[in-house]
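Architecture and fold: a report
Spelled out from the first residue to the last, the chains are:
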Amino acid sequence: MKVLVLNCGSSSLKYQLFDMTGEEVMAKGLVERIGIEGGRIKHTKTGMDSVVSDSDFPNHKVAIKAVLDCLLHGEHGSLQSLEELRAVGHRVVHGGEKFAKSVVVTADVLRTIDECTPFAPLHNPANLLGIKSMMEILPKVPQIAVFDTAFHQTMPERSFIYGVPYHYYETYRVRRFGFHGTSHLYVAHRAAEMLGKPLENLKIVTCHLGNGSSIAAVDGGRSVDTTLGFGTVSGVLMGTRCGDVDPVAVLHLMQEEGLDSKAMSHVLHKDSGVLGISGISSDLRDVEDAAAGGNRRAKLALDILCYGVKKYIGAYAAAMGGLDAVVFTAGVGENSVLVREMVCEGLEFLGALFDKSKNAVRGKEAFICKPDSRVALLVVPTNEELVIARDTLSLVS
Ligand code: AMP
């Protein structure tokens, strides 16, 4: 049972081919610079060296054809025929309020994804291009859409309604949507498996800390709150995104600096966060190095990030009325020993006993708490592609 997973960006495309019998990745790859000169495809068949080839990909359809050629290639391919593909799963960033679960793509679904474009203007059009190209190339193969926002559709109104006049929600759907849902869902499930307890009985705070970051309160397997909102800048400090900022400060800056909404949006999305505070880099590795060398603003960036994560762990424990586990995932959460230490030190009052000696892990599943810790502290590498492949298979089975 072979399932292809596609994650289409505006100029790039990531893919993974799964054999779902044993949930194994057979091949994966990346196409870059779609629609721009100097395109490149990197394809890796599991167990073999990667093959890189340079070629122009004027649009997503051409890029997808190149991916299918790689998958069918006599030497580094993994398929004899495209008939082996049971279905294709697509990552779609925004499903608005319409999609609380993954769905089989129909004309109606395409229309609704398009209607959500104003909420994710960079991502949804690219996701749609990927789906439509696949439908043209493989008209008989079912296409499944898996949404980043879907997992958070279980949030109660008190978590997702903002304190602005209610008619703005009714007219424009201005509300908290939340993102990284597939990742929060995956790591919460894995945490329950690692703890050997049913997810339904657990209160978990999942910390997806990467270039973009969000924290979620997962109560009984359902998201009840999360830090990203209508857009993707709120919550904790990110690589280049600001995290929580008083909206009045934003209005003040626009006035003082003469910035229009586009210019201000650039400041909040691209010039802020770890980069904006440290003045060094958006990559936390560079900032950790600078902080170790005594750079004051690098230390401040780390401090703001870790304080923010710690604050939300406490807030979400209070929101859920208890806490059984805290999970760290994504680039920073899986790899930064320092960030996990700075977040977890001082949580004893919550019943979380951090174990520094177990924390020296990168990119693999681990418990980083003492055996008698009432609250488990865990590292779980995320696997959004596997969730997409599982949802895809279950919808066509
Ligand atoms: P992601 O968006 O999940 O791919 O995460 C990417 C980010 O993870 C990078 O920008 C780095 O800031 C961070 N990262 C990756 N490896 C490490 C590491 N060893 N230590 C600290 N940060 C890391």
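Summary of the structure given here. (Residues numbered from 1 in each chain as written. Predicted model: local features only at pLDDT ≥ 70, side-chain atom pairs only at ≥ 80, totals over all residues. Heavy atoms only, no water.)

Looking now at the packing of aromatic side chains. Aromatic ring pairs are described here by two measures, namely the spacing of the ring centres and the angle between the planes. Applying the stated criterion to the full structure yields 8 aromatic pairs. Ring centres 4.4 Å apart and planes at 5 degrees place the aromatic pair Phe-99 and Phe-147 in the stacked group. Highlighted residues: Phe-99 in the loop between β6 (85-92) and β7 (103-104) and Phe-147 in strand β8 (residues 143-147), separated in sequence by 48 residues. Note on accessibility: Phe-99 and Phe-147 belong to one class, buried. Among the aromatic residues, ring-to-ring pairing joins Phe-119, Phe-177 and Phe-230 into one connected group. Just above the ring of Tyr-169 sits the side chain of Arg-173; from NZ or CZ to the centre is 4.5 Å. One cation-aromatic arrangement involves Arg-175 over Phe-160; the distance from NZ or CZ to the ring centre is 3.6 Å. (Phe/Tyr/Trp six-rings, centres within 6.5 Å; stacked < 30°, edge-to-face > 60°. Helix = DSSP H or I, 4+ residues; strand = E, 2+ residues; numbered from the N terminus. Buried < 20%, exposed > 50% of the residue type's maximum accessible area, 1.4 Å probe, protein only. Lys NZ or Arg CZ within 6 Å of the ring centre and 35° of its normal.)

Taken in spatial order, the 6 strands line up as β11-β10-β9-β12-β14-β13 in an open sheet, and their pairing is mixed. Lying at the two open borders of the sheet, with one neighbouring strand each, are β11 (222-226) and β13 (366-367). Strand direction decides the pairing type here: strand β12 (residues 325-329) and strand β14 (residues 376-379), joined by 4 bridges, are parallel. Each bridged residue has a counterpart across the sheet, and for Phe-328 the counterpart in β14 is Val-379. (Pairing = 2+ DSSP bridges.)

Taken together, the neighbourhood of the ligand is formed by Gly-210, Asn-211, Asp-283, Leu-284, Arg-285, Glu-288, Ala-330, Gly-331, Val-332, Asn-335, Ser-336 and Arg-362. In the model, an oxygen atom of the ligand is placed 2.9 Å from a nitrogen or oxygen of the Asn-211 main chain. Take Val-332: an N or O atom from its main chain is 3.4 Å from an oxygen atom of the ligand. Protein contacts shield 73% of the accessible area of the ligand, which totals 500 Å² for the unbound molecule. Counting residues per element, the shell around the ligand draws most heavily on helix α12 (residues 330-335), at 4 residues. For the shell around the ligand, a count of residues per class yields 3 nonpolar, 5 polar and 4 charged. (Near = heavy atom within 4 Å. Polar contact = N/O pair within 3.5 Å; in protein donor to acceptor, adjacent residues only side chain to side chain. Areas by Shrake-Rupley, 256 points an atom, 1.4 Å probe, with all protein chains shown as cover. Nonpolar A, V, L, I, M, F, W, Y, C, P; charged D, E, K, R; others polar.)

On to the pattern of salt bridges. Per the stated rule, a full pass over the model turns up 15 salt bridges. As a salt-bridge pair, Glu-97 and Arg-175 come within 2.8 Å of each other at their nearest N and O atoms. Taken as a pair, Glu-97 in the loop between β6 and β7 and Arg-175 in the loop between α5 (166-172) and α6 (181-195) lie far apart in primary sequence, 78 residues in all. With a relative accessible area of 28%, Glu-97 lands in the partly exposed category. Given the relative accessible area of 2%, Arg-175 is considered buried. Of the charged contacts, one joins Glu-115 and Lys-98 as a salt bridge, the two residues approaching to 4.0 Å between their closest N and O atoms. Here Glu-115, found in helix α2 (residues 107-115), pairs with Lys-98, found in the loop between β6 and β7; they are 17 residues apart in sequence, far enough to count as distant. (Salt bridge = Lys/Arg side-chain N within 4 Å of Asp/Glu carboxyl O.)

Following both chains from N to C, one finds helix α1 (residues 60-72) and helix α3 (residues 124-137) inclined at 60 degrees, their axes separated by 9 Å at the closest point. Put simply, α1 runs oblique to α3. Of the two possible hands of crossing, α1 and α3 adopt the one that is right-handed. Here His-60, Lys-61, Ile-64, Lys-65 and Leu-68 of α1 come into contact with α3, specifically with Leu-129, Gly-130, Ser-133, Met-134, Glu-136 and Ile-137. (Axes fitted to C-alpha atoms, helices over the stretch in contact; angles between N-to-C directions. Parallel < 35°, antiparallel > 145°, perpendicular 65-115°, else oblique. Left-handed = near helix turned anticlockwise from the far one by under 90°. Contact = heavy atoms within 4.5 Å.)

What follows covers the side chain of Thr-182. Among the secondary structure elements, Thr-182 is positioned in helix α6. Overall, the relative accessible area of 4% leaves Thr-182 in the buried class. Each residue touching Thr-182, except ones within four places of it in the same chain, is listed here: Val-146, Phe-147, Asp-148, Glu-384, Val-387 and Ile-388.

This brings us to the pairing of strand β5 (residues 51-54). With 4 bridges connecting them, strand β4 (residues 40-45) and β5 associate as antiparallel partners. Each bridged residue has a counterpart across the sheet, and for Ile-41 the counterpart in β5 is Ser-53. Taking the residues that link successive antiparallel strands as the turn, the β4-β5 hairpin has 5 residues, and the phi of Gly-47 there is positive, at about 90 degrees.

A general feature of soluble globular proteins is that nonpolar side chains tend to end up buried together. Core analysis: the biggest nonpolar cluster contains 41 residues, and Cys-207, Leu-209, Ile-215, Val-309, Ile-313, Leu-323 and Val-339 have the highest contact counts within it. Breaking this core down by element, the ones donating at least two residues are β9 (203-209), β10 (213-219), α10 (284-292), α11 (296-320), β12, α13 (337-344) and β14. With 11 residues, the single largest contributor to this core is α11. Each residue touching Cys-207, except ones within four places of it in the same chain, is listed here: Ser-214, Ile-215, Val-309, Ile-313, Val-326, Val-327, Phe-328 and Thr-329. If you look at the next biggest cluster of nonpolar residues, it comprises 30 residues, including Val-218, Val-327, Val-380 and Val-387. (Core = buried A, V, L, I, M, F, W, Y, C linked by side-chain atoms within 4.5 Å.)

Note on sheets: strands pair through backbone hydrogen bonds, and any given pair is parallel or antiparallel. Taken together, the 8 strands give an open sheet; going across it, the order is β5-β4-β3-β2-β1-β6-β8-β7, and neighbouring strands pair in mixed fashion. Sheet topology places β5 and β7 at the edges, where each strand pairs with a single neighbour. Taken strand by strand, α1 contacts β1 (2-8), β2 (13-19), β3 (24-32), β4 and β6, and its axis lies near 35 degrees from that of β2.

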